[in-house]
Amino acid sequence: MLPTSRVQPSKADILLRPLPPEGGDLVTRRVGRPTFGLYAATAYAARHREVLKAADWTRLSFVGLDETRAHFASEGWLRSLPGWPGAWLRCSYALGIYDGVLAGAGLGVLATYAAIRVPDLVPVVETIPELAQDIWLTTHRALADSPRIRAVSDSIGRIWSGDPAI
């Protein structure tokens, strides 16, 4: 498998992006609008119940992205919390944040569609509206009606629908 930076979108059957591409013989469909929230492990939330209730961010631990990803919207949102102490555990990818939060290392911004499926995670801030983002599926016009492309597109749409049964 080639690193992502070397994969050419024109060679992929399906491309998922936060923006629809312009030009080309492409068909683009909005497949979802994932939402994000601030989550904690159940045990962490129980230990810090009063501090969480008071939203005293200075007394809580956070898991976030590393310095090379400091420009991501989720990091900007964390920085906007009054007295945010910074993340003590920094990860280079979203699954690292998920793992850290689940292990009880602190609070972290997680995709709602993933977090709601895990009973050991609880929302501290259920929805962060400014982080929601449309996701667009793009394929070549010749493949748009392909049963496999439709199946993948529909499946992705169901995942991001927020239905925990999926």
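In this convention, every chain numbers its residues from 1, walking through the sequence in written order. At least 70 in pLDDT is required for a residue's local features to be given in this predicted model, at least 80 for side-chain atom pairs to be given and counted, and no such filter applies to totals for whole chains, interfaces and linings, which use all residues. Neither water nor hydrogens contribute to the side-chain values; these are computed over all heavy atoms in the structure.

1. Concerning the sheet that holds strand β3 (residues 36-41)
On the basis of which strands lie adjacent, the open sheet formed by three strands has the order β6-β3-β7 and antiparallel pairing. The sheet terminates laterally at β6 (108-111) and β7 (121-125), the two strands that pair on one side only. For this sheet, the mean angle separating the axes of adjacent strands, direction not counted, is 55°. In this scheme, strands are said to pair when DSSP sees at least two bridges between them. Each helix is a run of H or I in the DSSP string that is no shorter than four residues. Each strand is a run of E no shorter than two, and both are numbered from the N terminus. Geometry is summarised by axes, namely lines fitted to C-alpha atoms with helices restricted to the contacting stretch, and by angles between N-to-C directions that run from 0 to 180 degrees.

2. Considering helix α6 (residues 147-159)
Each helix should span, by expectation, one fewer than its residue count multiplied by 1.5 Å. Helix length check: α6, at 13 residues, gives a terminal C-alpha distance of 18 Å against a target of 18 Å (1.5 Å per residue), a fit within 8%. Categorising residues by exposure relies on relative accessible area from a 1.4 Å probe, with only protein chains included: less than 20% of the type maximum marks a residue as buried, more than 50% marks it as exposed, and the intermediate range marks it as partly exposed. If you check which residues of α6 are buried, you get I149, S153 and I156. Buried positions in α6, seen along its axis, are confined to an arc of 65° and lie on one side of it. The reported arc concerns the directions from the helix axis to the C-beta atoms and nothing else.

3. Digging into the layout of surface pockets
Buried and open spaces are told apart on a 1 Å grid over the protein atoms alone, a cavity being a set of points where a 1.4 Å probe fits but cannot get out and a pocket being an open set with protein on both sides within 12 Å along at least five of seven lines. Residues with an atom within 4 Å of a point are the lining residues. Grid points are joined across faces, edges and corners, and a volume is the space filled by probe spheres set on the points. Roughly 820 Å³ of volume is contained in the largest pocket. F36, F72, S74, A94 and Q133 are the residues nearest the centre of the largest pocket, which is lined by 25 residues in total. If you list the elements that add at least two residues to the lining of the largest pocket, you get β1 (15-17), α3 (73-79), α4 (94-102), β6 and α5 (112-115). At four residues, α4 tops the list of elements feeding residues into the lining of the largest pocket.

4. Brief notes about the packing of aromatic side chains
Note on aromatic contacts: the rings of Phe and Tyr and the six-membered ring of Trp form a pair at centre separations within 6.5 Å, being stacked when their planes are under 30 degrees apart, edge-to-face when over 60 apart, and tilted otherwise. All told, the structure shown has two aromatic pairs when counted by the stated rule. For the pair F62 and W84, a centre-to-centre distance of 6.0 Å together with 80° between the ring planes defines the contact as edge-to-face. Here the residue F62 occupies a position in the loop between α2 (49-53) and β4 (63-65), and W84 occupies one in the loop between α3 and β5 (89-91), the gap between them amounting to 22 residues. You'll find F62 and W84 in the same group, each marked buried. One aromatic cluster is present, built from ring pairs that chain together W57, F62 and W84.

5. Considering the sheet that holds β1
Taking strand neighbours across the sheet as the criterion, the three strands line up as β1-β8-β2 in an open arrangement whose pairing is antiparallel. One side of each edge strand has no neighbouring strand; the edge strands of this open sheet are β1 and β2 (26-32). Across this sheet, the average inter-strand angle for adjacent strands is 30°, counted without regard to direction. The pairing of β1 with strand β8 (residues 135-140) spans three bridges and is classified as antiparallel. Residue pairing in the sheet places R17 in a bridge with W136 of β8.

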